[in-house]
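Take a look at the letters that make up each chain.
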Amino acid sequence: MTASHSSHTSPDGPVTVVVDPGEPPYDAPPVLELRGAMDTGRLEAALDRIAARLPDGPRWRHRITRHGPGHHTVRLTAGTPGGLPVGLLADLLTDRLPAGTVIRALAPSPLQRELMADADAHPGTGRHVEQLTWVWHGPLDPERFTAAWQALFDRESVLRAAFADSPEPRIVLHDHVEADVVRLPHGTDDWAALVERDRRRGLDPRRPGPLRVTVLDGGPAGSATAPPTRVLLTYHHALLDDWSARLLLRGFCRAYLADGRLPGGERRPDLGDHAHWLAGQDTAAAREFWSWAAPPPGAAHSPLPAAEATATGTAVPAPGGTDTSDGTDGTDGTDTSDGTSGTGGTDASGGTGAGTGRARLRLTAGQTARLSAWAAAWGSTESGALQAAWALLLYRAAGSAGRPVPVRFSVALSGRGILLEGAECLPGALRNPLPLSVVVDPRSSVPRLLTALRDRLLDTSAYEWVSAGQIRAWTQAPDRPPGPPGSLVVFEGRPRLLEGVVGELAAQGVRVASPETRGARTAFPLTLVARHHEDGGLVVNVTYDRARFTGVTGLLGHLGRLMRELPRVADESTSIAGVLELLADGDTAPADPATHTDPAADTDPAADTDPAADTDPGADTDPGVPTGPGAGACADSGGTRGEGAFPVITLRPARDSAAGTVCLLPSHGNPRRCYDLLARSYRGPEALVLLGSVPRDPRAVYTALRSLAGAGGRLVLAGFSGCGETAYETARLITADGGRPPLLVLAAASAGAGDFARLLEAAARRAG
């Protein structure tokens, strides 16, 4: 091979790494060529991180040769035999922290790691993206509104946080992030369509600022019939939970009243304080508790009877079985408290499910008061009453023929009942869904069931900082697949949102209606969220996967009937079996008028709108998520599908059949337009193709690229930081199969398209 020096990059620019596998038999450590700013300390730190990750591996020494400004080669040798994870080293060297000056880095909590992993496993579906809406009545000063949000961003470190797109999960905090506030004039958009489009846009927690604010102006001031101003907050559960969003809204109101300023410095405690507290916890007691408290295998988890599932064609996994759903959503109907309705549509992810349905149950203020008094008489709460009613429905659906049966579901704990002073005022990703199981005995009574649930939940709350993933790791055999997630029950506790500011806002002619969450898509196929309405009643919103659950209206009717009738009939003298007889007549009774199912959510998915109609052409999308008409058909858009599961998209064809191919491997945080721009900047004769999904398994990547590796011309694997490990392992598989290993080129995410294209051209010439 001959080196080419025709590529020119700034010696102070971001680092690009070219990995040369060398000559046959390719058993020597590869040589790394570095273009851009060379930082010896960064190289040594990267090697130290590799040594920490692989404590039993060899210790690598490096020798750096300088060829000119911004051009170095690195040769690595080891004191003992062993392979160097070159791809990981390339990722660490090219990893650039996102925008702004980074002031510190934190380790994410286990819960945050699990939320990010689930979101990454379902790209393009809006997984874990939540929306909070409210109505602003009265005058609004746009400049003061934006300044108030900026003051909040400056004060709250979580609003300047982002997940680093790096091999090792971490959260980085920046010194400054501009608040993302968008204001739309009255009449420019329909509110329901705006909310739905915003949901489809999603939110990338790898970019600083995990909160977006959208304002739709109301009608002309002074008009009695003009609609009010509406405000939408969008945030990601990996950094903010619902309690946090309301805390931030309270802080915004205070800043707005103070002419867009917040006195004092940054909030304490903050994310760093919580991470420090979490790192100091001893998990021994938690392990012991969950060794007996974890739900037993085979516990009933579906509220839909097996007979009904057979009749409706709904797939209900067997207890303890494997959940094979990919969790993607198709169509979506949105039911909101203010009566607006979202537009149904099929997700661009190409999910084959029937979509997300939403339904609602309401109890009047009088019914809620009776339920609360009844639960309190037995030492419980409205939340406990809801859990007991849900446990009864799970038991009923199991068809146990009068036998005691364990049931399981998850409950959301605030994560703020910990021994960290000020945790209740800490915005962050603390709300934690944890498994709860109880044995339902038809011969026992509902008050005893209430007590059992209360005691189990009190025991669980001592470990509300432990994640569900940790519990599974502690209690399940490694070779046993996880069971279906079941359902999630949430009883929203809310901070005293506007206490102390309502009067001051009113003095300025402003009234802020109670904010409402829209309901995020999560790993649970069915979620119940209960909250108190302003009129004193109780509202239960249900979000469910229509591919798994039909007949939810009837199910919700049963839940409503239980919650209304339990105070009247459930005492120590009435068995659970007797209480459940109340529901026998309900199976054939008309729908409960207190339940409401969003009609848009229950329509035939085939009748929903074209997904392309709701796709924002300016939105950044994951490179592997097709968008627009016909995007799913690779052949129609100039792409091909390899032998594996990954589509291989042709960005530009080769000018010469013998020129070879440059294959781009996507990585998280880099939208499709980055690769399109790179293809337009590339001037070499080689074909440029893009793997259609973010790869995780090198074997699947190799299968998809096998035909390219065996074709004429040299194969070059390239991409931005984050894909280095997969690219290098894929190259090793090609070599093991007798192929010529490809050259690897990895650039920092901040690399310019022109500079990266020139480096790729030089690397491809060198490879040939």
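Residues numbered from 1 in each chain as written. Predicted model: local features only at pLDDT ≥ 70, side-chain atom pairs only at ≥ 80, totals over all residues. Heavy atoms only, no water.

> Even after reading the chapter, I still don't get helix H19 (residues 724-736), so can you show me in this structure?
In an α-helix, one full turn covers 3.6 residues, which means residues spaced three or four apart are oriented alike. Under the 1.5 Å per step criterion, the end-to-end length of H19 is 18 Å for 13 residues, consistent within 8% with the ideal 18 Å. Inspection of H19 places Gly-724, Thr-726, Ala-727, Tyr-728, Thr-730, Ala-731, Leu-733 and Ile-734 among the buried residues, and these make up the whole buried set. Looking one or two residues past H19, Gly-738 carries a phi angle of roughly 90 degrees, positive in sign. (Helix = DSSP H or I, 4+ residues; strand = E, 2+ residues; numbered from the N terminus. Expected span 1.5 Å × (residues − 1). Buried < 20%, exposed > 50% of the residue type's maximum accessible area, 1.4 Å probe, protein only.)

> Explain the packing of helix H11 (residues 382-398) against helix H12 (residues 446-461) here, please?
The description of two packed helices rests on the angle between their axes and on the distance between the axes. It is the contact of H11 with H12, at a shortest axis distance of 9 Å, that shows an interaxial angle of 115 degrees. The orientation of H11 relative to H12 falls into the category roughly perpendicular. At the point where H11 passes H12, the crossing takes the right-handed sense. Of the residues in H12, those in contact with Gly-384, Ala-385, Gln-387, Ala-388, Ala-391 and Leu-392 of H11 are Val-446, Leu-449, Leu-450, Leu-453 and Leu-457. (Axes fitted to C-alpha atoms, helices over the stretch in contact; angles between N-to-C directions. Parallel < 35°, antiparallel > 145°, perpendicular 65-115°, else oblique. Left-handed = near helix turned anticlockwise from the far one by under 90°. Contact = heavy atoms within 4.5 Å.)

> Would you explain unusual backbone geometry in this entry?
Negative phi characterises most residues that are not glycine, and trans characterises most peptide bonds. Residue Pro-269 follows Arg-268 across a cis peptide bond; omega there is 0 degrees. In this structure, Pro-269 sits in the loop between helix H6 (242-257) and helix H7 (271-279). Phi angles above zero are rare outside glycine, and His-128 is one such case at about 65 degrees. Mapped onto the elements, His-128 comes out in the loop between helix H3 (110-121) and strand E6 (129-137). At Asp-259, a position not held by glycine, the phi torsion is positive, near 60 degrees. Along the chain, Asp-259 turns up in the loop between H6 and H7.

> What am I meant to see in the side chain of Arg-531 here?
One can find Arg-531 in strand E18 (residues 526-532). There is a polar contact of 3.0 Å between the side chain of Arg-531 and the side chain of Glu-516. (Polar contact = N/O pair within 3.5 Å; in protein donor to acceptor, adjacent residues only side chain to side chain.)

> Is there a simple way to explain the nonpolar core in this structure?
In globular proteins that are soluble, nonpolar side chains generally tend to be buried together. Membership of the largest hydrophobic core comes to 67 residues, with the highest contact counts inside it found for Trp-390 and Leu-559. Excluding residues that lie within four positions of it along the chain, Trp-390 makes contacts with Pro-303, Phe-409, Ser-487, Val-489, Leu-526, Leu-528, Leu-555 and Leu-559. Within the second largest apolar cluster, 45 residues are counted, among which are Leu-132, Val-231, Leu-248 and Tyr-256. (Core = buried A, V, L, I, M, F, W, Y, C linked by side-chain atoms within 4.5 Å.)

> Is there a simple way to explain the pattern of salt bridges in this structure?
Once the charged atoms of two side chains with opposite charge are near each other, the side chains can pair. Inspection of the entire model under this criterion finds 23 salt bridges. Residue Arg-548 pairs with Asp-545 through a salt bridge whose shortest N-O separation is 3.8 Å. Each member of the pair, Arg-548 together with Asp-545, is buried. (Salt bridge = Lys/Arg side-chain N within 4 Å of Asp/Glu carboxyl O.)

> In this structure, what is going on with empty space enclosed by the protein? I would like to understand it.
In this approach the atoms are scanned with a rolling probe the size of a water molecule, which exposes any empty space left behind. Counted according to the given criterion, the structure contains eight cavities of 30 Å³ or more. Computed from the structure, the second largest cavity encloses a volume of approximately 100 Å³. Lining the second largest cavity we find 13 residues, and of these Leu-111, His-274, Leu-430, Glu-464 and Trp-465 sit closest to its centre. Sorting the residues of the lining of the second largest cavity by element identifies H3 and H7 as the ones contributing at least two each. In terms of residue class, the lining of the second largest cavity is built from seven nonpolar, five polar and one charged. (1 Å grid on protein atoms, 1.4 Å probe; cavity = no way out; pocket = protein on both sides within 12 Å on 5 of 7 lines; lining within 4 Å. Points joined across faces, edges and corners; volume = space filled by probe spheres on them. Nonpolar A, V, L, I, M, F, W, Y, C, P; charged D, E, K, R; others polar.)

> Can you help me understand the packing of aromatic side chains in this one?
Between two aromatic rings, the relevant description is the distance of the centres plus the angle of the planes. For the coordinates displayed, the defined rule picks out 12 aromatic pairs. Among the aromatic residues, those joined into a ring-pair cluster are Trp-136, Phe-145, Trp-149, Phe-252 and Tyr-256. Just above the ring of Tyr-256 sits the side chain of Arg-144; from NZ or CZ to the centre is 4.1 Å. (Phe/Tyr/Trp six-rings, centres within 6.5 Å; stacked < 30°, edge-to-face > 60°. Lys NZ or Arg CZ within 6 Å of the ring centre and 35° of its normal.)

> Just checking my understanding: could you explain the pairing of strand E25 (residues 715-720) for this structure?
Across a regular strand the side chains alternate sides, sitting on one face of the sheet and then on the other. E25 sits mainly inside the fold: six of its six residues count as buried. Residues of E25 alternate between two faces, with Leu-715, Leu-717 and Gly-719 on one and Val-716, Ala-718 and Phe-720 on the opposite face, all of them buried. As defined by bridge partners, strand E23 (residues 661-665) adjoins E25 across five bridges and the pair is classed as parallel. Residue Val-662 lies in a different strand from E25, and its bridge partner there is Val-716. Alignment of E25 against strand E26 (residues 743-747), held across five bridges, turns out to be parallel. Residue pairing across strands places Leu-717 opposite Leu-744, the latter belonging to E26. What joins E25 to E26 is H19, and the crossover it makes is right-handed. (Pairing = 2+ DSSP bridges. Right-handed = clockwise from strand over helix to strand, strands pointing away.)

> Even after reading the chapter, I still don't get the confidence of the model for the chain, so can you show me in this structure?
Per-residue confidence for the chain gives a mean pLDDT of 79, with 79% of residues at or over 70. Here residues 1-9 scores under 50 on pLDDT; set against residues more than four positions off or in separate chains, the count is 25 contacts. Taken together, the stretch residues 598-644 has pLDDT below 50 and engages in 89 contacts with residues farther than four places along the chain or on a different chain. (pLDDT = per-residue confidence, 0-100.)

> Explain the pairing of E18 to me, please; I cannot follow it from the model alone.
With six of seven residues buried, E18 lies mostly within the body of the structure. Where strand E15 (residues 487-491) lies against E18, five bridges are found, and the strand directions are parallel. The residue bridging Leu-488 from the neighbouring strand is Thr-527, located in E18. With seven bridges connecting them, E18 and strand E19 (residues 538-545) associate as antiparallel partners. Following the sheet pairing, Leu-528 is matched in E19 by Val-542. If you look at the hairpin formed by E18 and E19, you'll find five residues sitting between the two strands, and Gly-536 has a positive phi there, around 95 degrees.

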